[in-house]
There are 2 protein chains.
Amino acid sequence: MFTPKPIGFVASPFQDTAAVPNGLGAKHEAEGVLKILPAFELGLTGIEGYSHLIVLWVFDRSRDFDGFDLMVTPPSDDQPHGVFSTRSPRRPNPIGFTVVELLRREGCSLHVRGVDMLDGSPILDIKPYLSSIPAEKLRRGWLAEAEVRKGAQGGRL
Amino acid sequence: MFTPKPIGFVASPFQDTAAVPNGLGAKHEAEGVLKILPAFELGLTGIEGYSHLIVLWVFDRSRDFDGFDLMVTPPSDDQPHGVFSTRSPRRPNPIGFTVVELLRREGCSLHVRGVDMLDGSPILDIKPYLSSIPAEKLRRGWLAEAEVRKGAQGGRL
């Protein structure tokens, strides 16, 4: 395997998990900054051309950091689901995945919309978001069912 | 940070990187199996309801495993780009990202379409693919430009 190392840190308005919009229909429109370490700045070359980025980051403050649950009850439902069919932070490898919209780049700072990370979260990787599954081909499992039951609409990218 | 551990391994038709479809317009339609370790099977509960899954995995055989390049020349272009604006395996954290279509589940085995991993690649995480950026809002940077130059169409999810 490998030893994860941060390539930067997220500057976000969220100081604790209770502040992050969550559950059915939550919109992730908060703005934040991906502060990349100067040693990695060259790796950002050309990133301005992309409208959306994939950010892989570390759930470094999920309670009991080393632990995980195989069954979790997410905020969007009142029933338990397997952790791999949720975005729960209590995963065997605590890696978060967020798609953000790139607003502008200033040197090592990527100003983005759509952060749902806590302030200071370590960033592992940034990748270009290349293309999407057509909506008519996408099935969204228990989440779609929970939305129908509660009359909500999903907003997470 | 944390210590990455495999939750399973990919069974894929690709034994070496030269066999993986690559470059502009490459289609990722190969079928494979995500073989999840029995200890994590409970975490798959409910995953059958999703049509597409995000797979995070390890580039465990990228040449000179511990190294990375900040500038890379990907197979889809003849010009160098920053590693974070490419999907190059030579990244500071060698984590791969692939979206696959879930064909069926048999216990710990997820039969999927769209693998681009080498056979035996360690799997770090599986997450549900929840929603997509509308095509009209997506800009695809140097890759779109390279496609225009070469008259190709992108196929990667």
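Summarised in this report is the structure supplied together with it. If you're wondering where the values come from, they're calculated on a predicted model, not measured in any experiment. All chains use their own residue numbering, which begins from 1 and follows the written sequence. Chains carry letters and ligands carry numbers; both start at the beginning, A for chains and 1 for ligands, and go up in the order they are written. Whole-chain, interface and lining totals are the exception, using all residues; otherwise, since this is a predicted model, local features are given only for residues with pLDDT of at least 70 and side-chain atom pairs are given and counted only at 80 or more. The basis for the side-chain values is all heavy atoms of the structure; hydrogens and waters are excluded.

Only centres within 6.5 Å qualify two rings of Phe, Tyr or Trp (six-membered ring in Trp) as a pair; their planes then separate them into stacked at under 30 degrees, edge-to-face at over 60, and tilted for everything else. Per the stated rule, a full pass over the model turns up five aromatic pairs over all chains. For the ring pair F40(A) and F68(B), a centre distance of 5.8 Å and an interplane angle of 35° mean the geometry is tilted. Taken together, the residues span two chains, with F40(A) in the loop between β2 (31-36) and β3 (52-58) and F68(B) in the loop between β3 (52-58) and β4 (71-72). Remark: exposure states derive from per-residue accessible area (1.4 Å probe, protein chains only) relative to the maximum for the residue type, with buried under 20%, exposed over 50%, and partly exposed in between. Of the residues examined, F40(A) reaches a relative accessible area of 9% and is grouped as buried. Relative to F97(B), the ring of F97(A) has its centre 5.5 Å away and its plane inclined at 5°; by these criteria the two rings are stacked. Here F97(A) is found in strand β6 (residues 95-106), whereas its partner F97(B) is found in strand β6 (residues 95-106) on a different chain. Using a relative accessible area of 6% as the deciding quantity, one classes F97(A) as buried. Helix numbers and strand numbers start at the N terminus; a helix is a DSSP run of H or I with at least 4 residues, a strand a run of E with at least 2.

The next thing to look at is the environment of D78(B). All names here are of chain B. When you line up the elements, D78 lands in the loop between β4 and β5 (81-82). A sequence separation of 31 residues divides D78 from I47, and the C-alpha atoms of the two residues are 40 Å apart. What D78 contacts, discounting residues up to four positions off in sequence, is T73, R149 and K150. Should any heavy atoms of two residues lie within 4.5 Å, those residues are counted as being in contact.

Residue and element names in this part refer to chain A. Each reported salt bridge corresponds to a side-chain nitrogen of Lys or Arg within 4 Å of a carboxyl oxygen of Asp or Glu. One pass over the structure, following the stated rule, counts 18 salt bridges over all chains. Residue R61 is joined to D60 by a salt bridge in which the shortest nitrogen-to-oxygen separation is 3.1 Å. Where D69 meets R90, a salt bridge forms, and the shortest distance between an N and an O atom there is 3.0 Å. Highlighted residues: D69 in the loop between β3 and β4 (71-72) and R90 in the loop between β5 (81-82) and β6, separated in sequence by 21 residues. According to the relative accessible area criterion, R90 is buried, its value standing at 8%. Three or more residues joined by partner-sharing salt bridges are found here, namely E31, E101 and R113.

This part is about the sheet that holds strand β1 (residues 8-11) of chain B. All names here are of chain B. Pairing between strands requires that DSSP locate at least two bridges from one strand to the other. With respect to topology, six strands assemble into a closed barrel ordered β1-β2-β7-β6-β3-β8, the strand pairing being antiparallel. Adjacent strand axes in the sheet meet at a mean angle of 45° when their direction is disregarded. Pairing geometry for β1 and strand β8 (residues 122-128), over two bridges, is antiparallel. Its bridge partner lying in β8, F9 is registered against P122. All axes here are fitted lines through C-alpha atoms, helices being fitted over the stretch that makes contact, and every angle between N-to-C directions spans 0 to 180 degrees.

So, about the nonpolar core. Within the largest apolar cluster, 33 residues are counted, with the highest numbers of intra-cluster contacts made by L34(A), L110(A) and I126(A). For this core, the secondary-structure elements that each account for two or more residues are β2, β3, β6, β7 (109-113) and β8 (122-128) of chain A together with α1 (141-150) of chain B. What I126(A) contacts, discounting residues up to four positions off in sequence, is I7(A), L34(A), I36(A), I47(A), L53(A), I54(A), L110(A), F84(B) and R91(B). In plain words, nonpolar cores are sets of buried Ala, Val, Leu, Ile, Met, Phe, Trp, Tyr and Cys residues tied together by side-chain atoms within 4.5 Å. One finds W142(A), L44(B), W57(B) and V100(B) within the second-largest nonpolar core, a separate group that totals 32 residues.

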